[in-house]
Amino acid sequence: MSFHTDAGRVDDEAARLFGLQFSGEFTATAILAKIYDKQVDALRAAMETVRPGQSFALAVGTAASRADLWIELRGSLVAGETAQTGTFSGVVFDVTDSVRERERQKSSETRLRKAIETFPCPFALWDSKKRLTFWNKAFGEVFGIDDVLRAGASHETVTLARSGNVLTERATEDSTNTVLLGLRTGQWIKVVEQRTAAGGLITFGLDVTQDVKSEEELTRQKKKLHAAIQDLARSEGHNAELA
């Protein structure tokens, strides 16, 4: 295909994918007209950057399907020095299934990120080198570390910054990857860290302030009861001595 001469040729398979009724010779304009109009400029831009010895690859929707059918164009400049004066040769593949799968994954990731962002408790995601890649608003607010959070920040740096707002740190019986933090705000946060399948790390926290307060109150009541029993025992012993 040549922009300079506005000439092109497609084989049977390419004609089917482009939505042409037959194969053979067409104008370059007619071939580009079979690309979804919102993506023609992207295709032209990709082709115009190619120089001799280089190639391009781009997935685009077809006009006939309103971008429901996706094809990938792979080609190179086989004659001439630029896209405006040269000739392109390449192949066309049906990539509809893979494009739809990527869109489903992207949509799923978007929904997940939105859900995490609105999650009221801290959440952060780290890559395999324990560098911060994603976090929600609560992660910065609860630990008071908004000023140090940025993509690429190390786990060590963030943990060190967090420690400045921690009054008490307790190990838990749940797991070696779980710690209970008593914050300066009066909150108690149970922080859990888990490895991902890709080798990254997830950090999330649960507000257990009420549970801790209830446990502390129960401990205080037990101590009072124990003290009362001891006082009673001492009193009974003293009375027995008097008798």
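Residues numbered from 1 in each chain as written. Predicted model: local features only at pLDDT ≥ 70, side-chain atom pairs only at ≥ 80, totals over all residues. Heavy atoms only, no water.

Enquirer: What's the story with the packing of aromatic side chains in this structure? I'm lost.
Expert: Any pair of aromatic rings gets described here by the distance separating the centres and the angle formed by the planes. Here the structure, examined in full by the defined rule, presents 4 aromatic pairs. Between the aromatic rings of F22 and F26, the centroid separation amounts to 5.4 Å while the plane-to-plane angle is 25°, which identifies the pairing as stacked. Judged by its relative accessible area of 52%, F22 is exposed. Overall, F26 belongs to the buried group, its relative accessible area being 17%. In this structure an aromatic cluster arises from ring pairing among F3, F56 and F88. A cation sits over an aromatic face here: R44 above F3, 4.9 Å from the ring centre. Across from the ring centre of F134, 4.4 Å away, lies the NZ or CZ of R113, which sits over that ring. (Phe/Tyr/Trp six-rings, centres within 6.5 Å; stacked < 30°, edge-to-face > 60°. Buried < 20%, exposed > 50% of the residue type's maximum accessible area, 1.4 Å probe, protein only. Lys NZ or Arg CZ within 6 Å of the ring centre and 35° of its normal.)

Enquirer: Explanation requested: the sheet that holds strand β4 (residues 70–79) in the structure shown.
Expert: Where strands meet in a sheet, backbone hydrogen bonds hold them as pairs that are either parallel or antiparallel. Strand order in the open sheet formed by 3 strands is β3-β4-β5, and the pairing between neighbours is antiparallel. Two strands in the sheet have a free side with no partner beyond their single neighbour: β3 (55–61) and β5 (87–94). Put simply, the sheet's adjacent strands are angled 25° from each other on average, direction ignored. On top of the sheet, helix α3 (residues 40–48) reaches β3, β4 and β5; it is set at about 175° to β3, its chief contact. (Pairing = 2+ DSSP bridges. Helix = DSSP H or I, 4+ residues; strand = E, 2+ residues; numbered from the N terminus. Axes fitted to C-alpha atoms, helices over the stretch in contact; angles between N-to-C directions. Contact = heavy atoms within 4.5 Å.)

Enquirer: I tried to follow the side chain of T62 on my own but got confused; where do I start?
Expert: Structurally, T62 is set in the loop between β3 and β4. Judged by relative accessible area, T62 falls into the buried class, the value being 2%. Separated by 2.7 Å, the side chains of T62 and S65 make a polar contact. The contacts of T62, once residues within four sequence positions are left out, are L17, K34, I35, Y36, A67, L69 and I71. (Polar contact = N/O pair within 3.5 Å; in protein donor to acceptor, adjacent residues only side chain to side chain.)

Enquirer: Would you mind showing me how to read unusual backbone geometry here?
Expert: Most of the time, phi is negative for any residue but glycine, and the peptide bond is trans. Although it is not a glycine, D6 sits at a positive phi angle of roughly 55°. Along the chain, the position of D6 falls in the segment before β1 (8–10). The exposure class of D6 is partly exposed, given its relative accessible area of 29%. Within the chain, K130 stands out as a residue other than glycine whose phi angle is a positive 60°.

Purely geometric stuff here, so don't read any function into it on its own.
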